[in-house]
Amino acid sequence: MNQTQSYLARAEALLEPWLAKTERPTDNRLDIWLSPDDLLPVVATLVAGEWGYLAAITGLDPGLATGQLHVLYHFAEGAAVVTLRVATPRDAAAVPTIRPLIPLAAMYEQELIEVLGVAVIGAPERGRLFLADDWPVGVYPLRKDFQPEQLDKESVP
Amino acid sequence: MNAPATERFVVPIGPQHPALKEPGHFEFTVEGETVVDATVRLGYAHRGIEKGAEGRNWTQTLYLIERICGICSHIHSTAYAVGVEQLAEVEVPARAQAIREIICELERVHSHLLWLGVAAHDAGFDTLFMYTWRDRETVMDILETMSGNRVHYSANVLGGVKFDLTDESAVAILKGVEFLEERTHHYRKVVSEDAFFLQRTRGVGTMTHAEALALGVVGPTARASGVARDVRLDAPYVAYADFPARIQLLTAGDLEARFLARLDELLDSFRLIRVLVAGLPAGELTAKRMPRKLKPGEVISRVEAPRGELFYYIRSTGGEQPDRVKVRTPTLCNMGSVITQTIGHNLADVPMILVGIDPCFSCNDRAVTVRRAGDDNGRAWAWADLRRYGIDYYRRIRN
C-alpha cells in the first residue's frame, strides 16, 4: 500500500461511523456524503485525529432541478484528498460553522455566504469580505439562476 | 501617536492606490504602540472570474484563468490545464510537462526576487530593493526570450505547451541562472548578517510550528515554521515526479526565517532548472488530440505556487464549458495569519509582518488614516508614512 492509500485508509478508520455513502472518484480521493448535522462531529474527528488540513471549501450549485446547493470541504494530506460533501435545500441553504475547530475556515465560509447564499450557522455577522459594498442584498453570483440584470435593481447595502 | 498607553486608536490601512492592483483594507486597533486587534476587508479586485469561467468554453477559460494573477500567471494556468487534462483523460507528452516545470521554476524565481525587493523596501533598505529588481530583469528577459512575453507567458495550451525550449533559450537560461545564483548567495548573506536588517526581522512575527499548523498557512511562510508541506513533493504534478524539488525547511518561524526560506528556494530552483535543461526529454509538445467536449466529472488540481499551495476544483457536467471552477489562492490562507500575528506587536512591525507572507503584493502602497477610535477627526497617512514610521521607530530605539 502506498502512502496515499494508507492516508485514505486512516481517514476511513477515523470516520468509520459516517461512511454510509462514499465514492472514490480517483485513486487519491475519498468523497463522503454527510448530512449537515454530521458535519461538526466529522470535522472534529479529523482535527482531533490530526488528519491533514482544510485545503478549501467549495460551494456548488448543482442546478435548479436538484433543489439543492452543495458545500464541499476538502481536506488534504500528502496527495490524498478527503472531501466532505454536504447537500442543503436551495431555498433554506444552511450549514453549521466549523471555525471554532478550524479558524481559517472563517475566510472560506464568508465566501460561501456572499457568493452562493449559504447561511453559515454560528458565524458572527460581519461586513462583506469579497463582494462590493453596493452589491444588492439577496443576489448570489454563483447560483445558476443568477442574471446580470439583477444588478440593475437599486442596490441596498 | 503620543496618546497614553491605555487609549485605543484604529489605524485603517487601504484600500486604494491608483497605480497598483489587488488592493486590500486592514484596520489595526492600537493601544499606544501595540496592536490589540486587526480586521481585513478583501474583494476590491473581485472580478468574478469563477463566474466568468462558467460562460466560456474549456479553452477560453484557460486564458481567463491566466489573468487571475500578474505575478504567477503560469501556475494558475498549469493548475487548470492539469485538471482539465485529467478530466479529458489526455496524456501530455513528457517534454511538454518538463517545459511547464521550467517555467514554473523561472516564475518562482521572478516572484521571490520581486518579493525580496518589496520586503527590503518596507524595511527601509532601498539599496537591496534596487539591486534585487535590477537582477530580476535577468529572469524577465529569459521568460521573454522563451515566450515573447514578460508576464503572461501563455506557455500552456490544453494538452501541452505552445513553444519548445530552443538552443538560444537554453543558453540564456543557463547564463542567467549562473548570474542569479551568485547574486542570491550574496543576498542570503546580507539578510542573515546585516545588523540593521536583522533588527527588523529576527524574532519579529514569530509563528511556531503549532501556530502555523493551526492557522493553516501555506508555502514558504509555513516552511519557515517547520511545516513540511510542498505540493511539488507531496502530490507531484507536471514533471516534478521525474525532476523533484527539494523541500526548504526552517524552524525559527520568524521573519528572518521567511526571508531565508525563500532565498533557499531560489537556490533550489536554480539547481532544478539546470537539471531540467540538461535532462529535457525528447518528444512532442502537445497531446495528439484534446477533445472540445468533456464528459461529466470533477477534478481537484493542487500545485505549489510561489506563495504556497494553490487549489483548483473543476467540475464538468458534460459539454464544452466548465460547470464550476473554484480557485483557492495561497494568499487567502496566509492572510488570516497577518491578523493573528500583528496582535501584540508594535504598529511599526505591521508593514514587515504583512510583507512576510508575500501577499500578492503590487498593492503595497495605500492610504492610511490614523484616528482616535470613535472619533472621525483623523489625520491621513499614506502606506509610505506607516513604512517611514516603522523605519524611524527602529532608528529611534537604536540610538
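Along each chain, the written sequence defines residue order, and numbers are assigned to residues from 1. Lettering for chains starts from A, numbering for ligands starts from 1, and both go in the order in which the items are written. Residue-level local features of this predicted model are given only where pLDDT is at least 70; pairs of side-chain atoms are given and counted only at 80 or more, and the full residue set underlies all totals for whole chains, interfaces and linings. The side-chain quantities take in all heavy atoms of the structure and omit both hydrogens and water.

Trainee: Would you mind showing me how to read the sheet that holds strand β6 (residues 297-305) of chain B here?
Mentor: Either a parallel or an antiparallel arrangement is found when strands of a sheet pair, and the pairing is made through backbone hydrogen bonds. Residue and element names in this part refer to chain B. Taken together, the three strands give an open sheet; going across it, the order is β6-β7-β8, and neighbouring strands pair in antiparallel fashion. Two strands in the sheet have a free side with no partner beyond their single neighbour: β6 and β8 (324-328). Adjacent strand axes in the sheet meet at a mean angle of 15 degrees when their direction is disregarded. Here, any two strands with at least 2 DSSP bridges between them count as paired. Helix numbers and strand numbers start at the N terminus; a helix is a DSSP run of H or I with at least 4 residues, a strand a run of E with at least 2. Pairing of β6 with strand β7 (residues 308-316) involves nine bridges; the strand directions are antiparallel. Angles here are taken between N-to-C directions and fall from 0 to 180 degrees, while the axes themselves are lines fitted to C-alpha atoms, restricted in helices to the stretch in contact.

Trainee: Help me understand the pattern of salt bridges, please; the structure alone is not making it clear to me.
Mentor: If charged atoms from side chains of opposite charge come close, those side chains can pair. For salt bridges, the criterion is a side-chain nitrogen of Lys or Arg within 4 Å of an Asp or Glu carboxyl oxygen. Counted under the stated rule, the structure contains 35 salt bridges over all chains. Ionic pairing is found between Lys144 of chain A and Asp323 of chain B, a salt bridge with its closest N-O pair at 3.1 Å. Separated into two different chains, Lys144 of chain A in the segment after β7 (119-121) and Asp323 of chain B in the loop between β7 and β8 make up a pair that spans both. When a residue's accessible area, from a 1.4 Å probe over protein chains only, is under 20% of the maximum for its type it is buried; when over 50% it is exposed; and in between it is partly exposed. A relative accessible area of 28% means that Lys144 of chain A is categorised as partly exposed. Asp323 of chain B sits in the buried class, given a relative accessible area of 12%.

Trainee: It is not clear to me how the domain arrangement of chain B should be interpreted in this structure. Could you clarify?
Mentor: Interface size, as often reported, equals the accessible area lost upon joining of the parts. Residue and element names in this part refer to chain B. Domain extents, as shown, originate in an automatic or database domain assignment. Examined at the domain level, chain B breaks down into domain 1 (8-45 + 333-398) and domain 2 (49-328). Put simply, buried area is how much 1.4 Å-probe accessible surface two parts lose in total, over both of them, once they are put together. At the boundary of domain 1 with domain 2, total buried surface from both sides reaches about 2500 Å², with 58% on carbon and sulfur atoms. Broken down residue by residue, the surface that domain 1 buries against domain 2 is led by Cys333, Met352 and Asp358, which jointly contribute 27%. Inspection of the region where domain 1 meets domain 2 yields zero salt bridges. Considering every element that reaches the side of domain 1 that touches domain 2, the biggest residue donor is helix α14 (residues 383-398), with seven residues. Among the residues forming the side of domain 1 that touches domain 2, the class breakdown is 14 nonpolar, nine polar and five charged. By the convention adopted, Pro, Cys, Tyr, Trp, Phe, Met, Ile, Leu, Val and Ala count as nonpolar, Lys, Arg, Asp and Glu as charged, and the other residues, Gly among them, as polar.

Trainee: Just checking my understanding: could you explain the nonpolar core for this structure?
Mentor: Burial of nonpolar side chains together is a common tendency in soluble globular proteins. All names here are of chain B. Grouped together as the largest cluster of nonpolar side chains are 95 residues, with contacts concentrated most on Tyr80, Ile102, Leu106, Met146, Ile173, Tyr312 and Ile314. Counting residues per element, this core draws most heavily on helix α4 (residues 94-122), which supplies 15 residues. Two domains each provide a minimum of three residues to this core, namely domain 1 (8-45 + 333-398) and domain 2 (49-328). Should any heavy atoms of two residues lie within 4.5 Å, those residues are counted as being in contact. Residues in contact with Tyr80, not counting those within four places in the same chain, are Trp58, Thr61, Leu62, Ile65, Leu158, Tyr312, Ile314, Pro322 and Val325. By nonpolar core is meant a set of buried Ala, Val, Leu, Ile, Met, Phe, Trp, Tyr and Cys residues that side-chain atoms within 4.5 Å join together.

Trainee: I'm lost on the layout of surface pockets in this one. Help?
Mentor: To find leftover empty space, a probe the size of one water molecule is rolled over the atoms. By volume, the second largest pocket amounts to about 810 Å³. Of the grid points, spaced at 1 Å and generated over the protein atoms alone, those admitting a 1.4 Å probe that cannot get out make up cavities, while open sets with protein on both sides within 12 Å along at least five of seven lines make up pockets; any residue with an atom within 4 Å of a point is treated as lining. Together, 29 residues line the second largest pocket, and Val82, Gln86, Pro236, Tyr237 and Val238 of chain B are the ones closest to its centre. When contributions to the lining of the second largest pocket are tallied by element, the ones reaching two or more residues are α1 (3-14) of chain A together with α3 (73-88), α4 and β6 of chain B. Its residues placed into classes, the lining of the second largest pocket shows 14 nonpolar, eight polar and seven charged. Grid points are joined across faces, edges and corners, and a volume is the space filled by probe spheres set on the points.

Trainee: Explain α1 of chain A to me, please; I cannot follow it from the model alone.
Mentor: Given 3.6 residues to a turn, an α-helix orients residues that are three or four positions apart in the same direction. Residue and element names in this part refer to chain A. A helix is expected to span 1.5 Å multiplied by its residue count minus one. A rise of 1.5 Å per residue sets the reference length of α1, with its 12 residues, at 16 Å; its end C-alpha atoms lie 17 Å apart and thus fit the reference within 8%. If you check which residues of α1 are buried, you get Thr4, Leu8 and Ala11. All buried residues of α1 project into a common sector of 55 degrees when viewed along the axis, lining one side. Exposed positions of α1 whose direction lies more than 90 degrees from the buried face are Gln3 and Ala13. N or O atoms within 3.5 Å of each other form a polar contact, as long as, within protein, one can give a hydrogen and the other can take it, and as long as residues adjacent in sequence are counted only when both atoms are side-chain atoms. Two to three positions downstream of the cap, the backbone nitrogen of Thr4 sits 3.1 Å from a side-chain oxygen, assigning the N-cap of α1 to Asn2. As used here, the arc is the angular range of directions from the helix axis to the C-beta atoms.

Trainee: Is there a simple way to think about the packing of α4 of chain B against helix α5 (residues 126-147) of chain B in this case?
Mentor: Between two packed helices, the angle of one axis relative to the other and the distance separating the axes together describe the packing. Residues and elements named next belong to chain B. Interhelical geometry of α4 versus α5 gives an angle of 160 degrees and a closest axis separation of 8 Å. Classed by the angle they form, the pair α4 and α5 counts as roughly antiparallel. Our pair here, α4 against α5, has a crossing hand that is left-handed. From α4, Ile102, Ile103, Leu106, Val109, His110, Leu113, Leu114, Leu116, Gly117, Val118, Ala120 and His121 reach across to α5, where they touch Asp126, Leu128, Phe129, Thr132, Trp133, Arg136, Val139, Met140, Ile142, Leu143 and Met146. Among the residues forming the contact of α4 with α5, the class breakdown is 17 nonpolar, four polar and two charged. Throughout this description, any angle smaller than 35 degrees is read as roughly parallel, any larger than 145 degrees as roughly antiparallel, any in the 65 to 115 degree range as roughly perpendicular, and the remainder as oblique. By the definition used in this description, the sense in which the near helix is turned from the far one sets the handedness, with an anticlockwise turn below a right angle giving left-handed and a clockwise turn giving right-handed.

Trainee: Would you take a moment to explain the packing of aromatic side chains for this structure?
Mentor: Given two aromatic rings, their pairing is described by the distance between the two centres and the angle made by the two planes. Residues and elements named next belong to chain B. Between 30 and 60 degrees the pair is tilted, below 30 it is stacked and above 60 it is edge-to-face, where a pair is any two Phe, Tyr or Trp rings, Trp via its six-membered ring, whose centres lie within 6.5 Å. For the coordinates displayed, the defined rule picks out six aromatic pairs over all chains. In textbook terms, an aromatic cluster arises when at least three aromatic residues are bridged by ring pairs, as seen for Trp115, Phe125, Phe197 and Phe259. Over the face of the ring belonging to Trp133 we find Arg136, whose NZ or CZ atom lies 5.5 Å from the ring centre. Charge over a ring is defined by NZ of Lys or CZ of Arg lying within 6 Å of the ring centre and within 35 degrees of the ring normal.

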